[in-house]
Structure formats: C-alpha cells, structure tokens
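Understanding the architecture of this molecule
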Amino acid sequence: MSSVNKPQGALSHLRVLDLTRVLAGPWCTQMLADLGADVIKVERPQAGDDTRHWGPPFVPDAQGQPTSNATYFASCNRNKRSITIDIANPQGQALIRQIALRSDVLVENFKVGGLAQYQLDYQSLKELNPRLIYCSVTGFGQNGPYAERAGYDLMIQAMSGMMSITGRPDDVPGGGPLRVGVALIDLFTGTYACSAILAAIEARHKSNTGQHIDMALLDVGMAILANQASGYLNTGGVPLRQGNSHPSLVPYQDFDTADGAMLLAIGNNGQFERFCTAAQQPQWSRDPLFASNTLRVKNRDTLVPAMQAVTKTKTTAQWVVLLEKEGVPCGPINDIGQAFQDEQVKARGLVISQDCSDQAIEQGAPKAILGVASPMRLSETPTVVKRAPPALGEHTEEILIELGVEKEAINDLRSQGVV
C-alpha cells in the first residue's frame, strides 16, 4: 500500500514534541502516534532513551542472535521519529524551540523546573506558541513537599498502597506485599495523560489557546486504587492482601483443578446457581449461608474450601467447556506465551509486525519487530502502524531539513555534537 493510500489516523493533523523517556511519557506519546499524530522523539546524542539499554531481553536478528535493541524500548516507541539533540547546548535548545513553535503538543518528564534553565518550560514556550498544549509528567506533581523528588513506578506502587493489596496474606506461604507484574502506574499515567491531552485539544477548539497539564504518578497511583480507596475512605477499614480472591465478590478467584488451576469470576446469584448445577452441587445455591453475594462473602471460609474439593475433580479444559455452556465466567490462567496462542487473541490480530527501515537495519536493527496492536478500534479512523520503533537519531536529518536547516549546517551541528 502506498503512503498516500495508508490510513492517516484521527490525529494525523497534529504534531507532538516528545521530550520523554522510560515509560509513562513514551506510553502517552505512542498512543497519540497510534492515533496518527506525527510524534518527534528527542533523544540524547549517543545514549538515547534509557530504555534502549534496558535488557536483556533484546530483539533478535534474522539469525536469532540478540541485537542492541532492547525489547523494552520497542514496547512503547513505535510510530515515532527520532532526532538526537543535546538539550544542554544553546543551539540544541534553539532547535527544540523551533520544533515547539510548529507543534500542537509537548510532553516532557523532566524533574520539576528542570527545563526552565533552558527556557523550555511552559511559560517560556507559551510566549512563542500560545496554542501549545504542554504536558508535564513527574513522580509527585508540580507542587507539594515531594515535588522535587524523582519518582519511579515501583516507589509509587509502594507509597500509594498498591503493593499492600497485591500478593498473598502474611500468614500463608509466599505472603507479603508484591508489585504488579508490569509498571502499572507508569502505564496508567501515560493513558491518563493521553486523555488529558485530547481534552485540552478539544478545549483549544473554543479558546484557541493551549494549557499546561500536570500529571503525577502518585496522583494516578492513588486514583487507580478505585474501589479499594473508596472502601477505605467511606468506612475507615484498611484493605488487606488476599491473594487472588476479591474483597467484595465470592466466588471470584482461582481454584485448583485436576491439572492446574482455573479462574472463576462469578458476579451474581444467577451465575452462582448455574455453577452449582453444573458442578452437581445444587444444594449450595439453596443454602441460607450462600443465598446472596453478601452472605457468600461473609461465609467464604466455608464455601471456598468446599468448592476447591469439587473443582479438583476435573481438568481446567473440562471446567472451561462445561461452564462456558452455562454462561459462567471462567478461564485458564495462562502464561504470556499461552495467552498469545489463544484463538481469540489471534482472531483479534493482536500481534503486529513492524518493518524496520534500511537505516535502522544498517545500525543493527532486525528486519522487523513484533509488537502488540493498539486496543483502540475506531471504525472510521483506525489506528495506524507507520513505523517500527526508530533507531537512535534515525530521522535527525529529515526533521532538521523540515525546519529549514541546510545540509552544510546539519553537518556542522553533528561535528559540534549538538545533534
């Protein structure tokens, strides 16, 4: 398909200046890029984004040997153009201001006040481009006693209480607080930031001016405590770790089977009654102790062991087939490899192949990098896959030429280490 005929995406009219690194900011800008925005990622000369070096694992080449391309970087930087600029150099700062002047959105995750010394903060750039939407992503926000601190996902999982409700109770084997298996707060911060940016774009249609967005990992970490936070705030009861069981629903957890385990997610009385019938234990649904979800929560220590004894009599696959027929939510507990082999995952086309450019291949990239498709499905303006995660500085010359910089001047900037 020619580039002329390729879908452009809902945000193809927007340019995003990406001054972020690691995960929360890049996740936000990748979402915007998937929706069609032209995202220009500014990276440090020679070094680049920290996550380019966060491996193993590294993307393998055609012979199966690891390259210098970390899979971590590949997970959150597709569809972007990479330019290397030394932000500490006055000439580099001038180049960034030129890009900002032509941009709709700027996303950065420097420490609070870190860009003011370069006159690249919101107030400085607002004077140049009043329509600029400027999104700052930090650990603790632009104000408060912790504003100057660096913030990382693991720290915020611990501080927000997320780890205190993740894992098994202290009195069982393996008990203790655990982090979530991915950097959940970084990812949610990126997603919230994308939503805030889209809201600011909508507001700009009326005001014709941009605004500053203050995103903090701590704020997001507290927000996504969701029902657990609401429970504490309204009752004073501090939620505790309880493994895979649910504080407000029973049965809603993992159950042992003859060959492993399965997950049951029963959310109402009808589902519970159908499970009991399928399990040939109809008396449970008639038992006054289990007549409602509230009573099942109260009497979980009686119900769950009785259910465990029954679920061990069949394999996971047998239970899934049996309970799916009855409309009882259940499923296997897959590892990631098994998840990608799932027929529904395949049917939804969730694995995509991104072809690397010739320049990237010359720098050691493989011919293609596999990734997970965007989950945003728009019927009229679908998401796009325009580019594989870029090689470091892959688009430097292209972007500078767009700014009107002559080839000889570009060579001078390279020789001086500005780009």
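In the block above lies the structure referred to throughout.
What you are looking at is a predicted structure, and each value in this text was computed from that prediction instead of being measured.

Quick word on the overall build of the protein chain
Across its full length, the protein chain carries 18 helices and 13 strands. For the protein chain, with 419 residues in total, the buried portion stands at 44%. Long-range contacts, defined as pairs at least 24 residues apart, comprise 67% of the intrachain contacts of the protein chain with a sequence gap of at least 6. Here the protein chain has roughly 21,200 Å² of accessible surface; of this, 53% comes from carbon and sulfur atoms.

A short note on the sheet that holds strand β10 (residues 260-265)
The sheet built from three strands is open, its strands ordered β9-β10-β11 with antiparallel pairing. Both outer strands of the open sheet, β9 (252-257) and β11 (330-332), are each paired with one neighbouring strand and no more. The average angle at which neighbouring strand axes cross in this sheet is 30°, direction not considered. The pairing of β10 with β11 spans three bridges and is antiparallel.

A word on the environment of Ile333
For Ile333, the position within the fold is in the loop between β11 and α14 (336-340). Considering only alpha carbons, one finds Ile333 and Val304, 29 residues apart in sequence, at a separation of 18 Å. Sequence-distant contacts of Ile333, defined by excluding residues within four places in its chain, comprise Asp254, Ala261, Met262, Leu263 and Gln338.

Thoughts on the environment of Val419
Mapped onto the elements, Val419 comes out in the segment after α18 (407-415). On a C-alpha basis, the gap between Val419 and Glu324 in space is 58 Å, while along the polypeptide they are 95 residues apart. Apart from residues lying up to four places away in sequence, Val419 is in contact with Pro45, Thr84, Ile85, Leu95, Thr396, Leu400, Ile410, Leu413 and Arg414.

Details of the packing of aromatic side chains
As enumerated under the stated definition, the model contains five aromatic pairs in all. Plain terms: the ring middles of Trp54 and Tyr72 are 5.1 Å apart, the flat faces sit at 80° to each other, and that makes the pair edge-to-face. Of this pair, Trp54 sits in the loop between β2 (38-43) and β3 (58-60) while Tyr72 sits in helix α2 (residues 71-74), and the two are 18 residues apart along the sequence. A cation over a ring is seen here: Arg21 above Phe110, with NZ or CZ 4.7 Å from the ring centre.

Overview of the pattern of salt bridges
Applying the stated criterion across every chain, the model contains 14 salt bridges. One salt bridge connects Lys41 with Asp49, and the closest N-O pair in it is separated by 2.9 Å. For the residue pair Lys41 and Asp49, the accessibility class agrees, reading buried in each case.

Comments concerning the pairing of strand β1 (residues 15-19)
Burial analysis of β1 places four of its five residues in the buried class, the great majority of the element. Looking at chain direction, β1 and β2 are connected through four bridges and run parallel. Each bridged residue has a counterpart across the sheet, and for Arg15 the counterpart in β2 is Asp38. The β-α-β motif built from β1, the intervening helix α1 (residues 24-34) and the parallel element β2 has right-handed crossover chirality. The pairing of β1 with strand β6 (residues 105-108) spans four bridges and is classified as parallel. Note on β6: the bridge partner recorded for Leu17 is Leu106.

Side note on unusual backbone geometry
Among all residues except glycine, the phi angle is most often negative; among peptide bonds, the trans geometry is most common. Cis peptide bonds are those with omega within 30 degrees of zero, and the linkage from Pro56 to Pro57 qualifies with 5°. Mapped onto the fold, Pro57 is located in the loop between β2 and β3. Across the junction of Val250 and Pro251, the peptide omega takes the value -5°, indicating a cis bond. Tracing the backbone shows Pro251 in the loop between α8 (226-235) and β9. We note that Gln46 has phi near 75°; this positive angle belongs to a residue other than glycine. Residue placement: Gln46 occurs in the loop between β2 and β3. Relative accessible area serves as the criterion here: at 76%, Gln46 is assigned to the exposed category. Positive phi outside glycine occurs at Ala226, with the angle close to 50°.

Observations regarding a nonpolar patch on the surface
A contiguous nonpolar patch, built from Ile336, Phe340, Val351, Leu370 and Val372 and spanning about 480 Å² of accessible area, is present on the exposed surface. Mapped onto the nonpolar patch, the elements with two or more residues apiece are α14 and β13 (368-372). Looking at the secondary structure, you find Ile336 in helix α14.

Re the sheet that holds strand β5 (residues 80-84)
In spatial order, the strands read β5-β2-β1-β6-β7-β8; together these six strands make up an open sheet with parallel pairing. Sheet topology places β5 and β8 (212-216) at the edges, where each strand pairs with a single neighbour. The mean angle between the axes of side-by-side strands here comes to 20°, regardless of whether they run parallel or antiparallel. Strand direction decides the pairing type here: β2 and β5, joined by five bridges, are parallel. Bridge pairing in β5 places Val42 opposite Ile83. With respect to the sheet, helix α6 (residues 184-207) is in contact with β6, β7 (133-138) and β8, its orientation differing from that of β7 by roughly 160°.

Here's the deal with the nonpolar core
When a protein is soluble and globular, its nonpolar side chains tend to lie buried together. Counting 34 residues, the largest nonpolar core has Leu32, Cys135 and Ile197 as the members making the most contacts within it. For this core, the secondary-structure elements that each account for two or more residues are α1, β6, β7, α6, β8 and α7 (217-223). With six residues, α6 is the single largest residue contributor to this core. Not counting chain neighbours up to four residues away, the residues in contact with Leu32 comprise Leu11, Val16, Ala37, Cys194, Ile197 and Leu198.

Reading the values: rules and limits
Residues numbered from 1 in each chain as written. Predicted model: local features only at pLDDT ≥ 70, side-chain atom pairs only at ≥ 80, totals over all residues. Heavy atoms only, no water. Helix = DSSP H or I, 4+ residues; strand = E, 2+ residues; numbered from the N terminus. Buried < 20%, exposed > 50% of the residue type's maximum accessible area, 1.4 Å probe, protein only. Contact = heavy atoms within 4.5 Å. Areas by Shrake-Rupley, 256 points an atom, 1.4 Å probe, with all protein chains shown as cover. Pairing = 2+ DSSP bridges. Axes fitted to C-alpha atoms, helices over the stretch in contact; angles between N-to-C directions. Phe/Tyr/Trp six-rings, centres within 6.5 Å; stacked < 30°, edge-to-face > 60°. Lys NZ or Arg CZ within 6 Å of the ring centre and 35° of its normal. Salt bridge = Lys/Arg side-chain N within 4 Å of Asp/Glu carboxyl O. Right-handed = clockwise from strand over helix to strand, strands pointing away. Patch = residues over 30% accessible without salt bridge, like charges linked within 9 Å, V, L, I, M, F, W, Y side chains within 5 Å. Core = buried A, V, L, I, M, F, W, Y, C linked by side-chain atoms within 4.5 Å.

Any functional reading would require information that these geometric values do not contain.
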